[in-house]
Amino acid sequence: MKKFLLYLFVFLIIASSVFLTFYKKEKFLKSSTQYLPVEKLNKIIINARARIEENPEDIFSYIESGIALYQKGRDYYPEAVNLMQKALKLGAVDIRVFFYLAIMYDELNLTDKAFNYYEKFLRNRPQDFYMRLRYGNLFFRLNRYEFASEQYAAAMSIEPKNQTTLINLALSYKARDMYDEALEKFKFAETVNPVLSPEILIKIAETYSIKKDFISAETYYKKVIEKKPNSSAALLGLGKTYLNMNRKPEAKNCFQKVLSIEPNNLDAKKYLSIK
């Protein structure tokens, strides 16, 4: 019995060690606030290079150096990518490689390669909110709004009350002319946190205008103007809204304000010429 307990104890120690090593290995840097100081990063890179010189098949050193270079910024991405790719060729099975390659290829605008590594990462970590959101953003930037909606919806299923996801999903619906769905998500985002940026308030106002709900559009344009009195975009939108409501004097006042901010604004000039 004592012998059995001794074996069990040794097994638990080994298992715990393996778990801790694995856990450390799986750490992903999702914010620059997590990055190490440059001096420490340089030390990691120098030590990793020394180990690679001794053993050109040291997979861990390629990955460690690649992650350190990633933390040093975009200028170091090409070298970091080469190291990560070398690790893959040597047979690396570390999921961090997919994570960092997806982000670096994305930020280097190498979209086909970014797609490849986002997919590989998310097959292994389908519940990773951060990468779902980033993947959706990539689709959105490429005007592939249906796929963006899919990723944002998947991210929302993970964190249902994340305001950024709700807004991004709403914007993707708006881009797809799904205005009711867009307004539903915008409203939900506002219940999560009533503080929305002027840019998003304008998008909400635009959506209401498309739906010909000019009273709601007026409300949201005015919210922007309360925050940014010199917002030419909001004043122009409010002026158009007043025209649709047949409130021409108020519309004229808005367009004149736009021209006081942007004297060469062609839209404001065009609307002022309307009698």
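Values in this document were obtained by computation on a predicted structure and should not be read as measured data. (Residues numbered from 1 in each chain as written. Predicted model: local features only at pLDDT ≥ 70, side-chain atom pairs only at ≥ 80, totals over all residues. Heavy atoms only, no water.)

1. Points about the environment of Leu-201
Residue placement: Leu-201 occurs in helix α11 (residues 198-210). Setting aside residues no more than four positions away along its own chain, Leu-201 makes contact with Leu-196, Tyr-220, Lys-223, Val-224 and Lys-227. (Helix = DSSP H or I, 4+ residues; strand = E, 2+ residues; numbered from the N terminus. Contact = heavy atoms within 4.5 Å.)

2. Brief notes about the environment of Ile-45
Checked against the element boundaries, Ile-45 lands in helix α2 (residues 38-54). Spatially, the C-alpha atom of Ile-45 lies 43 Å from that of Pro-198, the residues being 153 residues apart in sequence. Once residues lying within four places of it in the same chain are set aside, the contact partners of Ile-45 are Ser-65, Ala-68, Leu-69 and Lys-72.

3. Re helix α13 (residues 232-244)
Between its first and last C-alpha, α13 extends 18 Å over 13 residues, near the 18 Å set by a 1.5 Å rise per residue. Buried-residue contacts for α13 involve α11, α12 (214-227), α14 (248-261) and α15 (266-272). Where α13 terminates, the next one or two residues include Asn-246, which has phi positive at roughly 60°. (Expected span 1.5 Å × (residues − 1).)

4. Some points on the nonpolar core
The biggest cluster of nonpolar side chains holds 78 residues, and the ones touching the most others in it are Tyr-100, Leu-101, Met-104, Phe-121, Met-131 and Ile-204. Other than its neighbours up to four places away in sequence, Tyr-100 contacts Lys-27, Phe-28, Leu-29, Ile-67, Tyr-70 and Met-84. (Core = buried A, V, L, I, M, F, W, Y, C linked by side-chain atoms within 4.5 Å. Buried < 20%, exposed > 50% of the residue type's maximum accessible area, 1.4 Å probe, protein only.)

5. Quick notes on the packing of aromatic side chains
All told, the structure shown has 18 aromatic pairs when counted by the stated rule. On the numbers, 4.9 Å between centres and 85° between planes, the contact of Phe-99 with Tyr-100 is edge-to-face. The interplanar angle of 25° and the centroid separation of 5.4 Å between the aromatic rings of Phe-139 and Phe-147 together place this pair among those described as stacked. You can call Phe-139 buried: its relative accessible area is 5%. Taking the relative accessible area as the measure of exposure, Phe-147 reaches 36% and is therefore partly exposed. A network of ring pairs unites the aromatic residues Phe-28, Tyr-35, Tyr-70, Tyr-77, Phe-99, Tyr-100, Phe-121 and Tyr-130 as a single cluster. Seen from the ring of Tyr-220, Lys-223 lies directly overhead, with NZ or CZ sitting 4.3 Å from the centre. (Phe/Tyr/Trp six-rings, centres within 6.5 Å; stacked < 30°, edge-to-face > 60°. Lys NZ or Arg CZ within 6 Å of the ring centre and 35° of its normal.)

6. Description of the side chain of Arg-132
Residue placement: Arg-132 occurs in helix α7 (residues 129-141). Glu-119 is the oppositely charged side chain nearest to the buried, salt-bridge-free Arg-132, at an N-O distance of 6.3 Å. When neighbours within four sequence positions are excluded, Arg-132 is seen to be in contact with Leu-122, Pro-126, Gln-151, Ala-154, Ala-155 and Ile-158. (Lys, Arg positive; Asp, Glu negative; His and termini not counted. Salt bridge = Lys/Arg side-chain N within 4 Å of Asp/Glu carboxyl O.)

7. Some remarks on the side chain of Asp-106
Looking at the secondary structure, you find Asp-106 in helix α5 (residues 95-107). A distance of 2.6 Å separates the side chain of Asp-106 from the side chain of Tyr-118, its partner in a polar contact. If we skip the residues at most four places from it in the chain, Asp-106 touches Ala-114, Tyr-118, Arg-134, Leu-138 and Arg-141. (Polar contact = N/O pair within 3.5 Å; in protein donor to acceptor, adjacent residues only side chain to side chain.)

8. A closer look at the packing of helix α6 (residues 111-124) against α7
Taken N-terminus to C-terminus, the directions of α6 and α7 make an angle of 155°; their axes are 11 Å apart at the nearest point. With respect to each other, α6 and α7 are oriented roughly antiparallel. Note that α6 runs across α7; the crossing there is left-handed. Note on element contacts: α7 touches α6 through Met-131, Arg-132, Arg-134, Tyr-135, Leu-138 and Phe-139, opposite Thr-111, Ala-114, Phe-115, Tyr-118, Glu-119, Phe-121 and Leu-122. (Axes fitted to C-alpha atoms, helices over the stretch in contact; angles between N-to-C directions. Parallel < 35°, antiparallel > 145°, perpendicular 65-115°, else oblique. Left-handed = near helix turned anticlockwise from the far one by under 90°.)

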